[in-house]
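# Secondary and tertiary structure notes
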Amino acid sequence: MNAIYLDHAASTPLDPQVIAALQAALTGEAAAGNPSAITHAYGRAAAAQIEHARERIAALIGATARELVFTSGATESDNLAILGLARGRESFGRHLVSARTEHKAVLDACKALAKRGFEITWLEPQRDGRILPEHVAAALRPTTQLVSLMHANNETGVVQPIGAIAELCRAQGVFFHVDAAQSAGKLPLDVGAMPIDLLSLSAHKMYGPKGIGALYVSERVRPWIEPLMWGGGQERGLRPGTLPTHQIVAFGVAAELARHRRLEDSRHFDGLARRFKQSLEGLPGCRYNDAAGGGAAAGDSAAGEAAVRHLPGLVSLSLEGVEGESLLAELPQLALSSGAACDSATGEPSYVLRAQGVPRELAQSTLRVSFGRGNTLEEAEAAARYIRAAVGRLRDEDDAGEPPGGPWLQGSAGSLAEGARIRCFVRLTADGRLAALQFRLAACPHTRMVARRLEARVAAGPCAVTELGQPAEWAVDAAVPITKLGRLLAVEDALRRAVDSAAAARSRTIEP
Ligand SMILES: *Cc1c(COP(=O)(O)O)cnc(C)c1O
């Protein structure tokens, strides 16, 4: 694993000080104690460590320790905020407001409520990804219980104007939840200065361990949150279960570091993003999916919020005319993601970018580069160099001109929006067999492999088209997943069209 790590928006490495704290908490005297067992010194020591950590985490967001509830991460925090409040306020109304560009933890919690008869208003972002406060205001109804919006988007880095939205929610008596998993420790965040009722945090996005997070619950909203689980009454009844002392201690150290390093970190991240973009200058068809053109310096205080429109160090770029999966495959030197990590499995282009109005064709070729503390300017430059070279190689394979050695007859099929764009060039022998075959394509690695195998078969000697076999057989030969059969059908279509046009051309030259 010597790829350059550029996926800090997915998860960060543990800070060495966090590791030390984790080890000390696991091996120290308090390790045996259950923090709820305060009848003896072991339990009390564990409880004291947890309370110290709770204060440190609260300080990062301007909260008091009493207002923090530990969870397993921001996913659980989002669920507790949304489902807990919806259930607790159900008798007052069943309407919630959120946005299409939220994290799945928020989207799917809201969708689960919708199945049970709640009404959700889904706000649409502007083309720059921002949700307008006036759109939030217009969505509020007398039955609205909660507005849930993220601070900074995990795919694009777009920062929402949460200060203005918090004010208008408070003025209307509506509770406001903010998913701050990406922004905590990078942007100024003060629940004392902004009327936010609920706020989600995750340790592993700020150099802490995975599997621990917190939900800020203001005293104002607390009576209205119904717990999602039942048990020993820990966390003031909102989240039962024995607290993981070591995880929490480590989270506390991570939060303390994040608070002290915020300005230094965000300047470093901005500098890396700027250098990366400078190094990509002049690359044709490279578009950035962010509000500010990226790299706006993080403001020094909450007052500077209006100026901060982008998460430091996160660059989302779409590369015209290349296929996203092949682009990633051509970049083994870089550890990064194409849109949300959660979505890589489905193969669907990012719903966040689509909601922002990015066309399918561009959404599928998007890279998310997220810089972190350990990255250097040299790495930012190297990343840009690798991307430039990979894009160049892929565009060569899809060269718009004819292959050398013509004349050729050609057929084409598919589009990048559908996952594969194929052009096929053939020459036939006098008896109608394939004498030469060349593909020019923008497609996934599997489809490219199939195309290269077909070319190699014909290069070995003229053959009948039927001897090349069927897409289902190609899929087996090249171990292509069944979900990609559609792309192989495009290869077949392009091939058939090329052969048909060649046959037609031949009959034209023979018949007169
Ligand atoms: C990572 C992330 C989450 C999920 O956090 P976990 O701690 O991994 O559950 C939720 N929301 C946003 C914006 C995130 O970036």
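Below: a short report on this structure. (Residues numbered from 1 in each chain as written. Predicted model: local features only at pLDDT ≥ 70, side-chain atom pairs only at ≥ 80, totals over all residues. Heavy atoms only, no water.)

### Topic: the overall build of the protein
Looking only at helices and strands, one finds 14 helices and 15 strands in the protein. In terms of overall dimensions, the protein has C-alpha extents of about 100 × 50 × 40 Å along its principal axes. Here the protein holds 512 residues, and the buried ones make up 56% of them. Put simply, of all contacts in the protein between residues at least 6 apart along the chain, 72% involve residues at least 24 apart. As displayed, the protein offers around 21,100 Å² of accessible surface, 54% of which is attributable to carbon and sulfur atoms. A distance of 1 Å separates the average location of the 55 positive side-chain charges in the protein from that of its 56 negative side-chain charges. (Helix = DSSP H or I, 4+ residues; strand = E, 2+ residues; numbered from the N terminus. Buried < 20%, exposed > 50% of the residue type's maximum accessible area, 1.4 Å probe, protein only. Contact = heavy atoms within 4.5 Å. Areas by Shrake-Rupley, 256 points an atom, 1.4 Å probe, with all protein chains shown as cover. Lys, Arg positive; Asp, Glu negative; His and termini not counted. Charge placed at Lys NZ, Arg CZ, Asp CG, Glu CD.)

### Some remarks on the site of the ligand
Near the ligand, the surroundings consist of 13 residues, among which T75, D179, Q182, S202 and K205 are the closest. In the environment of the ligand, an oxygen atom lies 2.7 Å from a nitrogen or oxygen atom belonging to the side chain of S202. Here an oxygen atom of the ligand sits 2.8 Å away from a polar atom, N or O, in the side chain of H204. Within the complex, 87% of the 390 Å² of free accessible area of the ligand lies under protein. Looking at the shell around the ligand element by element, the count peaks at three residues for helix α3 (residues 74-89). Residues that form the shell around the ligand fall into these classes: three nonpolar, seven polar and three charged. (Near = heavy atom within 4 Å. Polar contact = N/O pair within 3.5 Å; in protein donor to acceptor, adjacent residues only side chain to side chain. Nonpolar A, V, L, I, M, F, W, Y, C, P; charged D, E, K, R; others polar.)

### Brief notes about helix α2 (residues 41-61)
Since the α-helix packs 3.6 residues into each turn, any two residues three or four apart lie on the same face. Along its 21 residues, α2 runs 31 Å from first to last C-alpha, staying within 8% of the 30 Å computed at 1.5 Å per residue. Among the residues making up α2, those that are buried are G43, A46, A47, I50, A53, R54, I57, A58, L60 and I61. Here the buried residues of α2 occupy an arc of 140° about the axis, which is enough to place them on one side. Looking at the packing, one finds that the buried side of α2 touches β2 (68-71), β7 (198-202), β8 (213-217) and α7 (245-280). At the C-terminal side of α2, G62 shows a positive phi close to 75°. (Expected span 1.5 Å × (residues − 1). Arc of directions from axis to C-beta.)

### Quick notes on the environment of S318
Within the secondary structure, S318 sits in strand β10 (residues 314-319). When the C-alpha atoms of S318 and S338 are compared, they prove to be 9.5 Å apart, with 20 residues separating the residues in sequence. Setting aside residues up to four positions removed in sequence, S318 forms contacts with G285, C286, R287, N289, L362, S365 and T366. Polar side-chain contacts of S318 include one of 3.5 Å to the backbone oxygen of L362. Polar side-chain contacts of S318 include one of 2.7 Å to the side chain of T366.

### Side note on the environment of P445
Positionally, P445 belongs in helix α12 (residues 445-459). The exposure class assigned to P445 is partly exposed, which follows from its relative accessible area of 26%. For the pair formed by P445 and G324, sequence separation is 121 residues and the distance between their alpha carbons is 9.8 Å. Leave out the neighbours within four places in its chain, and P445 touches E323, E325, S326 and A329.

### A closer look at unusual backbone geometry
With omega at 0°, the peptide bond leading from G406 into P407 counts as cis. Turning to its location among the elements, P407 is positioned in the loop between α11 (377-397) and β13 (409-415). Phi is positive for E235, close to 55°, though the residue is something other than glycine. Turning to its location among the elements, E235 is positioned in the loop between β8 and α7. Judged by its relative accessible area of 9%, E235 falls in the buried class.

### A few points about the packing of α3 against helix α4 (residues 104-115)
Where α3 meets α4, the axes come as close as 9 Å, and the angle between the chain directions of the two elements is 30°. As summarised for this structure, α3 and α4 are arranged roughly parallel, according to the angle between their axes. Here the hand of the crossing between α3 and α4 comes out right-handed. In contact with T75, D78, N79, I82, L83 and A86 of α3, α4 contributes A105, V106, A109, C110 and L113. In terms of residue class, the contact of α3 with α4 is built from eight nonpolar, two polar and one charged. (Axes fitted to C-alpha atoms, helices over the stretch in contact; angles between N-to-C directions. Parallel < 35°, antiparallel > 145°, perpendicular 65-115°, else oblique. Left-handed = near helix turned anticlockwise from the far one by under 90°.)

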